[in-house]
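Close look at the chain arrangement
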Amino acid sequence: MRVAIELHDNKADVLVVGKCEKRDAHTILATGGINAALGNLDKKDSWQVHAADTIREGGYINDAKAVKVLCKNATDAVKELAKWKVKFHKETNGKITQRFFGAATYRRACFVGDYTGKAILDSLVDQTLKREVRFKNEIYIVSLLYAKGRVNGAIGLDIRNGEFIIFHSKIVVLCTGGHSRMYKRSSSRFWENNGDGIFLGYELGAKFMDMEMFQFHPTGMVYPQEAEGLLVTEAVRGEGGILTNKRGQRFMEKYAPEKMELSARDVVARAVYNEIKEGRGTKKKGVYLDISYKPKKYILSRIPRMYKQFKDYVNVDISKDKMEVAPTAHYSMGGIYVDHETGKTSIKNLFAIGEVTAGVHGANRLGGNSLAEIIIFGKLTGKNILKELKSIRFTKIDESLVNDKVLEIMHKLGNERGKDPIKIKKDIQNLMWRNVGVVRKARDMKKALKKLHKYKKLKFKVDNSLIMNENLIAALDIRNMLPTCEMIIRSALFREESRGAHYRVDFPETLDKWKMNIICNVEEDGIRISTKPLKKIPYDVNKFLKKKSDVSNLLLE
Ligand SMILES: Cc1cc2nc3c(=O)[nH]c(=O)nc-3n(C[C@H](O)[C@H](O)[C@H](O)COP(=O)(O)OP(=O)(O)OC[C@H]3O[C@@H](n4cnc5c(N)ncnc54)[C@H](O)[C@@H]3O)c2cc1C
């Protein structure tokens, strides 16, 4: 939406197309905050320290130039949002309050209660509506159109009335979000983050980077099914929450005796994973998180959303009982390779921004940076597109080819006799969770890859109805998931080390020789893996990176 605002303000004709209602994009789930080194509470903070924190957390393989752009522009982005009526929490002196986020040297995250993402999305929607930007909601983009070596539109399925729609455009910007739904347990909702943007780029032969890098949050809900994976905020541990296994052992003593529950996200995620794997988890395959020793009043004042979440979903009063938690797939650091300053992908007239892209976060994302990313790179991409638009002409669309394309999609997906796509989708998510999740090893990943190739050959049970057809949607989701999963596995197999969120039990060390990005090139005969040297870290950031920083105990949102 930030791209749309920039384009519209400069008289470009723009249409925002989304699979859901415009105020309901996945961004509304973002709770804790948006980073900007305003220095309101910690005067020593600066964009350089922010950049150094980002690169350190990213395992030193971030696109360092993009990090510099992000951190330098973050303060302006927050000021712009405040001007657009995002009601950030303020101090009595009127300055925006900032709080700690994991691995941040200073208090840097600006927040609106625990619904920062919703507040930001609402303000962007209000701004677009004020400008009368056009929207098309509940359209599932199934393919991009391409002619004469460039993108010139998209084909969408109107989920409600079952019509296929052709969008004819000079350029397309993918802002389709992440792909955490490759995994059975995910902090996103089940209908989103299915790798749509990855597939749309893949189909045209785009380049992808660091697909192996996937962040697992240590604490997600374990049950009921509809809430499985839902985030249990880090603030619970920050407020003193204790993790125990089914034997009542406080197991973090064994894994990280100093920092215990306040260790880095990947350390806690692996510890929880290990306890469950070795049979010390609960019957429902979780561990316990307990804050019930704190007074109810305190819990209600500090983590009200968590109190409500457990009461609503499982009727557990967390001021009296333990929560059951387990790791959950949370954020996709890998994605489409772009030049962040322009938003350009490797495909002509195709741009991308946000969680669908790779580079800014490297091997692990610093909490609070993704909201900043979508605003900052949205604006920059818009600015760049404006420059390019002048020289781009409409390329004609051959409607008969579009018809053929739709028929081809439907034919490839299946027929009345195919397999149940809803079940197969779950099978794939289970496969990825079991074999390419928090802890990885070659044997498991090879097994998953083999199985994935079998899924590629399946036809699904899809009838001719196009209106609100759950099977059709699931079959389309699987089509998007398969290359996304394959790229994750192939890249994870290729990177024979552990770095950031990527942990190989068969290669547990972090090795200098792997300080590079892994690229997936889409070629006629499939995916080819290559490597790319890192961009040089700008001098002004490098200076700060050399300073020692120990911030892993600062988890609070
Ligand atoms: C529980 C949770 C808490 C978080 N907390 C924070 C936080 O505190 N701070 C922070 O910085 N980040 C946080 N994040 C991460 C952050 O929310 C996301 O990275 C960010 O919102 C992604 O924004 P996006 O614009 O890239 O994509 P999204 O917000 O996911 O939007 C994607 C859009 O693309 C549309 N779309 C997708 N596929 C198609 C298709 N085929 N056809 C048409 N439309 C399509 C969707 O409908 C949607 O509108 C959190 C994430 C989660 C899950």
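I will try to describe carefully the structure that is included in this document. Note that the structure is predicted; figures quoted are calculated from it, not measured.

Scanning the chain from N- to C-terminus turns up 16 helices and 20 strands. Relative to the 2.2 N^0.38 estimate, which gives 24 Å for 557 residues, the radius of gyration of the chain is 23 Å and therefore close to what a compact globule would have. The principal-axis extents of the C-alpha atoms in the chain amount to approximately 65 × 55 × 50 Å. Residue burial in the chain is summarised as follows: out of 557 residues, 59% are buried. In the chain, of all internal contacts separated by at least 6 residues, the share reaching a separation of at least 24 is 74%. Summed over its atoms, the accessible surface of the chain is roughly 24100 Å², and 51% of this surface lies on carbon and sulfur atoms. Charged side chains in the chain number 100 positive and 68 negative. The centres of these two groups are separated by 2 Å.

On to helix H8 (residues 265-277), then. A rise of 1.5 Å per residue sets the reference length of H8, with its 13 residues, at 18 Å; its end C-alpha atoms lie 18 Å apart and thus fit the reference within 8%. Extensive coverage of H8 is indicated by the burial of 10 of its 13 residues. Burial in H8 covers these residues: Arg 265, Asp 266, Val 268, Ala 269, Arg 270, Ala 271, Val 272, Tyr 273, Glu 275 and Ile 276. Those residues of H8 that are buried lie in contact with strand E11 (214-221), helix H6 (235-238), strand E12 (242-244), helix H7 (252-255), strand E13 (287-290) and strand E14 (323-332). Gly 279 occupies a position one or two residues after H8 and carries a positive phi of about 85°.

With that settled, the discussion passes to the pattern of salt bridges. The tally for this structure, following the rule as stated, stands at 46 salt bridges. For Arg 131, the salt bridge identified is with Asp 9, shortest N-O distance 2.6 Å. Of the two residues, Arg 131 sits in the loop between helix H4 (116-130) and strand E5 (134-136) while Asp 9 sits in helix H1 (residues 2-9), which places them 122 residues apart along the sequence. Taking the shortest distance from any N to any O, the salt bridge between Asp 317 and Lys 320 comes out at 3.5 Å. Ionic contacts of the salt-bridge type, sharing partners, join the residues Arg 2, Glu 6, Glu 80, Lys 379 and Lys 383 into one network.

Further remarks concern the sheet that holds strand E10 (residues 207-209). Ordered in space as E15-E10-E19-E20, the 4 strands form an open sheet in which the pairing is antiparallel. The two strands at the open ends of the sheet, each matched to only one other strand, are strand E15 (335-336) and strand E20 (526-532). When strand E19 (residues 517-523) meets E20, the two strands line up antiparallel, connected through 7 bridges. Bridged to Cys 520 within E20 is Ile 529. Against the sheet, helix H15 (residues 470-494) contacts E10, E19 and E20, and its axis sits at roughly 45° relative to E20.

Parameters and conventions
- Residues numbered from 1 in each chain as written.
- Predicted model: local features only at pLDDT ≥ 70, side-chain atom pairs only at ≥ 80, totals over all residues.
- Heavy atoms only, no water.
- Helix = DSSP H or I, 4+ residues; strand = E, 2+ residues; numbered from the N terminus.
- Rg over C-alpha atoms; globule rule 2.2 N^0.38 Å.
- Buried < 20%, exposed > 50% of the residue type's maximum accessible area, 1.4 Å probe, protein only.
- Contact = heavy atoms within 4.5 Å.
- Areas by Shrake-Rupley, 256 points an atom, 1.4 Å probe, with all protein chains shown as cover.
- Lys, Arg positive; Asp, Glu negative; His and termini not counted.
- Charge placed at Lys NZ, Arg CZ, Asp CG, Glu CD.
- Expected span 1.5 Å × (residues − 1).
- Salt bridge = Lys/Arg side-chain N within 4 Å of Asp/Glu carboxyl O.
- Pairing = 2+ DSSP bridges.
- Axes fitted to C-alpha atoms, helices over the stretch in contact; angles between N-to-C directions.

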